[in-house]
Amino acid sequence: MNRIWCLILSFLMLSVYAQEDKNKGHYDESPFKQLKEELPTPNMFRTASGAPGPAYYQQQADYKMSIRLDEEKDVIYGDETITYTNNSPDMLEYLWVQLDQNMRAADSPTKMLYESKADTRPMTIETYSKRYREGAFDGGFKLELLQDANGKDMQFIINQTMMRIDLEKPLAPTEKISFRIKWNYNINNYRKEGEGGRSGFELMEDGNKIYVIAQFFPRMAVYNDVEGWQNMQFWGRSEFALPFGTYDVSITVPDDHVLNATGKLMNEKEVLSNQQYQRMQQAWKSYDKPVMIVNEAEATKAEKSRSKKMKTWKFFADNVRDFAFSSSRKFIWDAMAVKLNDKDVIAMSLYPREANPLWEEYSTRTVAHTLKEYSNLTFDYPYHKAISVSAEDQGMEYPMICWNFGRPTKDGYVSDRTKYGMIAVIIHEIGHNFFPMIVNSDERQWTWMDEGLNTFLQYTTEQNFKKSFPNEVFPEGFDSFPSRRGAPKDIVEYMSMPQKVLEPIMTQGDHVHNFGANAYGKPGTALVVLRNTVMGKKLFDHAFRTYANRWKFKHPTPADFFRTMEDASAMDLDWFWRGWFYTTWYVDMGIEKVTPYYLQKTQVNGENRLQFVEKSNEIDPAEFKKMKELKQLDSKMDPKVRKDLKNPTYFYEVVYNRPGKLIMPLLVTFEFEDGTVKEVRYPYMMWRLNDETFTKFYGFDKPVKKITIDAKQETADIDISNNVWTVM
Ligand SMILES: [Zn+2]
């Protein structure tokens, strides 16, 4: 390349760099500035240590509901009584109730949020009709009645997905109020274009449906010391904030359906056949493999007819923040016991024959594996059961029950992508029982608090897959579970993106460009890095467990997490939270220059001196032989002391640099000519003055062949082309 071209090229690169300088711009500040301005002032509700304070309170919402599913019309009916207890020190003039299904109302503004473009591909008549000739699907709530405990109508106003109930007199601290709501809505076909959603039914090829029903009843909003009423609208993406309470629910469905839900099945003997009941008793004793409660032959028989009779399933749940259920006559049902320290819980799955043989082999055993792994890093799973339901295109969590995608193709083919995608989603959604179902963070405000923590635990659970599946053979090129998220190198693509599509993790989820990478991948990876590279497993695991235990069955905020991790470990992590959670900085460290030196003998005023001399060409071993003469200089020394002296003969000055602003420990690996390796892990504090370079002088007793930083790709360094130096 001639000089002119070099100049033009470097000018071009400079101008690209100037536009894309991620280290400057609107988050330009010291990476070591403490978080005092970002975190709320500690108070009696939430302490400076990150624990709940002496005045901590939370509201209670208890539900009694009768639900009826009309399979012919696809309408669900509910008659619901909510008893709300005001444990706050505040007088409440009104209550806010969430009407999530209104997001699917015909006039919902959610439908106006998304751009549409001319689609010039050929389409079927059905698609054309659906898009341009049919009216919008109306899946919003139809409220039939809202009455107080005396049967008197209550005043209310609905603002999109939130309903304010105005009280005749304010609800005082410690007081309770009961009210009744009757409602119904049209159940959406969630796989149909324009309907979608986390809830609804899947229409199967044989005309049967798999119902996965959630966010299906008016639910109390959270009132607390942080938000007052958490009544941010549900726009379809950022999830839910819900208080804990009890659920006493009866669900009436066609009597040939198999149904399961959040909570304890209260009329097991009534709704199960004698044989099913006996099989369930066996399942509670089967720790190594699932027992079929409803087997494939029975499910296949059931799907061939339609019963006109109805059956009511009754559930009771305590200390849950939500309730969901799934129902279908197509369901195969299996279950196995899981031992967690001194208690047993039951892992279960519901799936149609179309999901086999994949589901009978993996689903329930994956549930069991997940409960063990998550319990190990947090607390023992406190509920008695956890259920994985097969529902295509879904990955959604509720207390004790979740919906998961992944089935073989019609001709029975299971790709690695389908199989490991299905296992990963089951781990993820079952894992959500811990965050946010039990450690009940505000999903509407902070997606990362459940998705990020959960993605971290999902990754560790995936990487420990062999513990429960010792015979598993992973796809070619993988020596462990092929995790999609969690490994630091997998977040590099996202963190290298143009700044205009990057937001800090601490951004409300509706305003994020790359939701999955921002709210799942990046915080999940941050915790992997924090555990493996910054804190070490011992300190991290204790602090993480402390956070989980302090906040289980409570409502934590980001500050409670950040503070607890520091409080329990004696590590100032403000730089870490700032860099990973409050900015869009990236990690890039490199080796700028390596200069070999040798030591020579010299004379100053007739006296012997030693002096380092730069050796900029290749290292000539002959030069180092001179070093042997140095031993003479030690001749006056006590031989015992002399014996222990090191004799480094190969010296190097290494200039490390940091083109990326995100601070990380510097991990250096030296490889020597004799094949040996030495690793030096510098703490993040080496960058304490926010310098752009860091220089170190080393003496070794053998020549260095290669220097690599972040050799195992632990830090999410976005450019590894500057990470290696090799001797010329
Ligand atoms: Zn999730």
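Residues numbered from 1 in each chain as written. Predicted model: local features only at pLDDT ≥ 70, side-chain atom pairs only at ≥ 80, totals over all residues. Heavy atoms only, no water.

1. Focus: the coordination of the zinc ion
Listed as protein donors to the zinc ion are His-428 (NE2), His-432 (NE2), Glu-451 (OE) and Glu-451 (OE); their distances from the metal cover 1.9 to 2.6 Å. For the zinc ion, the four donor atoms are set out with angles of 56 to 153° between them, so the coordination reads as irregular. Donor residues binding the zinc ion come from one chain and are separated in sequence as H-x3-H-x18-E. Residue His-432 is found in the loop between helix H7 (416–431) and helix H8 (433–438), and its partner Glu-451 is found in helix H9 (residues 447–463); the two are separated by 19 residues along the sequence. (Donors = N, O, S within 2.8 Å, 3.2 Å for Na, K, Ca; no water. Tetrahedral: all angles 85-135°; square planar, octahedral: opposite > 155°, others 65-115°. Helix = DSSP H or I, 4+ residues; strand = E, 2+ residues; numbered from the N terminus.)

2. Let's talk about the pairing of strand E27 (residues 666–672)
Across the seven residues that make up E27, a large majority, six, are buried. The hairpin turn running from E27 into strand E28 (residues 677–682), its antiparallel successor, is four residues long, and Gly-675 in that turn takes a positive phi close to 90°. By the bridge criterion, five bridges tie E27 to strand E30 (residues 704–709) in an arrangement that is antiparallel. Looking at the pairing, Phe-670 lines up with Ile-707 of E30. (Buried < 20%, exposed > 50% of the residue type's maximum accessible area, 1.4 Å probe, protein only. Pairing = 2+ DSSP bridges.)

3. Things to note about unusual backbone geometry
Omega for the bond connecting Asn-356 with Pro-357 falls within 30 degrees of zero, at 10°, which places this linkage in the cis form. Structurally, Pro-357 can be placed in the loop between strand E20 (343–351) and helix H6 (358–377). A cis geometry characterises the amide bond from Phe-435 onward to Pro-436, with omega recorded as 15°. Inspection of the secondary structure assignment puts Pro-436 in helix H8. Backbone geometry places Asn-319, a non-glycine residue, at a positive phi of 60°.

4. Examining the sheet that holds strand E18 (residues 325–328)
Strand order in the open sheet formed by four strands is E8-E9-E18-E14, with antiparallel pairing between adjacent strands. Here the strands that pair on one side only, and so sit at the sheet edges, are strand E8 (200–203) and strand E14 (258–261). Neighbour to neighbour, the strand axes of the sheet diverge by 10° on average, direction disregarded. Of the pairings in the sheet, the one linking E14 to E18 comprises four bridges and is antiparallel in character. Bridge pairing in E18 places Leu-259 opposite Ser-327. (Axes fitted to C-alpha atoms, helices over the stretch in contact; angles between N-to-C directions.)

5. A short note on the side chain of Thr-455
Summarising the element assignment, Thr-455 is placed in helix H9. Exposure remark for Thr-455: the relative accessible area of 2% places this residue in the buried category.

6. Here we look at the environment of Leu-573
Position of Leu-573 among the secondary structure elements: in the loop between helix H13 (558–567) and helix H14 (574–582). Residue classification places Leu-573 among the buried residues on the basis of a relative accessible area of 0%. In sequence terms Leu-573 and Ala-297 are 276 residues apart; their C-alpha atoms lie 56 Å from each other.

7. Overview of the sheet that holds strand E5 (residues 155–159)
Within the open sheet, the four strands sit side by side as E5-E6-E3-E10. Their pairing is antiparallel. Looking at which strands have only one partner, the edges of the open sheet turn out to be E5 and strand E10 (219–220). With five bridges connecting them, E5 and strand E6 (residues 162–171) associate as antiparallel partners. In the strand pairing of E6, Ile-157 is matched with Arg-164.

8. Some points on H6
Between its first and last C-alpha, H6 extends 28 Å over 20 residues, near the 28 Å set by a 1.5 Å rise per residue. Among the 20 residues in H6, 15 count as buried, and that is most of the element. (Expected span 1.5 Å × (residues − 1).)

9. Focus on the pairing of E8
Pairing geometry for E8 and strand E9 (residues 209–213), over four bridges, is antiparallel. Its bridge partner lying in E9, Gly-200 is registered against Val-212. Adjacent in sequence and paired antiparallel, E8 and E9 are bridged by five residues, among which Gly-207 carries a positive phi angle near 90°.

10. What to know about the packing of aromatic side chains
Enumeration over the complete set of coordinates arrives at 70 aromatic pairs. Both rings, one in Tyr-398 and one in Trp-403, keep their centres 5.3 Å apart while their planes meet at 45°; by these two values the pair is tilted. On the accessibility criterion, Tyr-398 (1% relative accessible area) is buried. Judged by its relative accessible area of 0%, Trp-403 is buried. Their ring planes at 10° and their centres at 6.0 Å tell us that Phe-651 and Phe-697 sit as a pair that is stacked. Here the residue Phe-651 occupies a position in strand E26 (residues 650–657), and Phe-697 occupies one in strand E29 (residues 693–700), the gap between them amounting to 46 residues. According to the relative accessible area criterion, Phe-651 is buried, its value standing at 7%. Owing to a relative accessible area of 40%, Phe-697 belongs among the partly exposed residues under this scheme. Above the face of the Tyr-77 ring, Arg-68 is positioned so that its terminal group lies 4.5 Å from the ring centre. (Phe/Tyr/Trp six-rings, centres within 6.5 Å; stacked < 30°, edge-to-face > 60°. Lys NZ or Arg CZ within 6 Å of the ring centre and 35° of its normal.)

11. Examining the pattern of salt bridges
Summed over the entire model, instances satisfying the criterion amount to 44 salt bridges. A salt bridge links Glu-38 to Arg-578, with the nearest nitrogen and oxygen atoms 3.2 Å apart. Here Glu-38, found in the loop between helix H1 (3–19) and strand E1 (60–70), pairs with Arg-578, found in helix H14; they are 540 residues apart in sequence, far enough to count as distant. Judged by its relative accessible area of 0%, Arg-578 falls in the buried class. Between Arg-353 and Glu-303 there is a salt bridge, and its shortest N-O distance comes to 2.7 Å. In this pair, Arg-353 is assigned in the loop between E20 and H6 and Glu-303 in the loop between helix H5 (296–302) and strand E17 (310–320), connecting sequence segments 50 residues apart. Three or more residues are tied together by salt bridges with common partners; here these are Asp-206, Glu-303, Lys-330, Arg-353 and Glu-354. (Salt bridge = Lys/Arg side-chain N within 4 Å of Asp/Glu carboxyl O.)

12. Brief notes about the packing of H6 against H7
For any two helices packed against each other, one specifies the crossing angle of their axes together with the interaxial distance. Axis separation between H6 and H7 bottoms out at 9 Å; the angle between their running directions is 40°. Here H6 lies oblique to H7, going by the angle between them. Note on packing geometry: the crossing formed by H6 with H7 is right-handed. Contacts between H6 and H7 involve Leu-358, Trp-359, Tyr-362, Ser-363, Thr-366, Val-367, Thr-370, Leu-371 and Tyr-374 on the former and, on the latter, Thr-418, Lys-419, Met-422, Ile-423, Ile-426, Ile-427, Ile-430 and Gly-431. In terms of residue class, the contact of H6 with H7 is made up of 11 nonpolar, five polar and one charged. (Parallel < 35°, antiparallel > 145°, perpendicular 65-115°, else oblique. Left-handed = near helix turned anticlockwise from the far one by under 90°. Contact = heavy atoms within 4.5 Å. Nonpolar A, V, L, I, M, F, W, Y, C, P; charged D, E, K, R; others polar.)

13. Some thoughts on the packing of helix H12 (residues 537–551) against H13
Two elements in contact, H12 and H13, have axes whose closest approach is 8 Å; the angle formed by their N-to-C orientations is 135°. One element, H12, and the other, H13, form an angle in the oblique class. The two elements H12 and H13 meet at a crossing, and its hand is right-handed. Here Phe-540, Ala-543, Phe-544, Thr-546, Tyr-547, Arg-550 and Trp-551 of H12 lie close against H13, whose contacting residues are Asp-560, Phe-561, Thr-564, Met-565 and Asp-567.

14. Side note on the nonpolar core
Grouped together as the largest cluster of nonpolar side chains are 195 residues, with contacts concentrated most on Phe-216, Phe-561, Phe-576, Trp-580 and Phe-581. For this core, the element with the highest residue contribution is H6, accounting for eight residues. Apart from residues lying up to four places away in sequence, Phe-581 is in contact with Trp-448, Pro-504, Ile-505, Met-506, Pro-523, Ala-526, Phe-562 and Phe-576. (Core = buried A, V, L, I, M, F, W, Y, C linked by side-chain atoms within 4.5 Å.)

15. A closer look at the confidence of the model for the chain
The predicted model of the chain has a mean per-residue pLDDT of 93, with 93% of residues at 70 or higher. Low confidence marks residues 14–19, where pLDDT is under 50. Its contacts with residues over four positions away, or in another chain, come to three contacts. (pLDDT = per-residue confidence, 0-100.)

16. Observations concerning the environment of Ser-178
The residue Ser-178 is located in strand E7 (residues 176–186) in this model. If we skip the residues at most four places from it in the chain, Ser-178 touches Thr-81, Ile-82, Thr-83, Asp-148 and Ala-149. In terms of polar contacts, Ser-178 uses its side chain to reach the side chain of Thr-83, at 2.8 Å. (Polar contact = N/O pair within 3.5 Å; in protein donor to acceptor, adjacent residues only side chain to side chain.)

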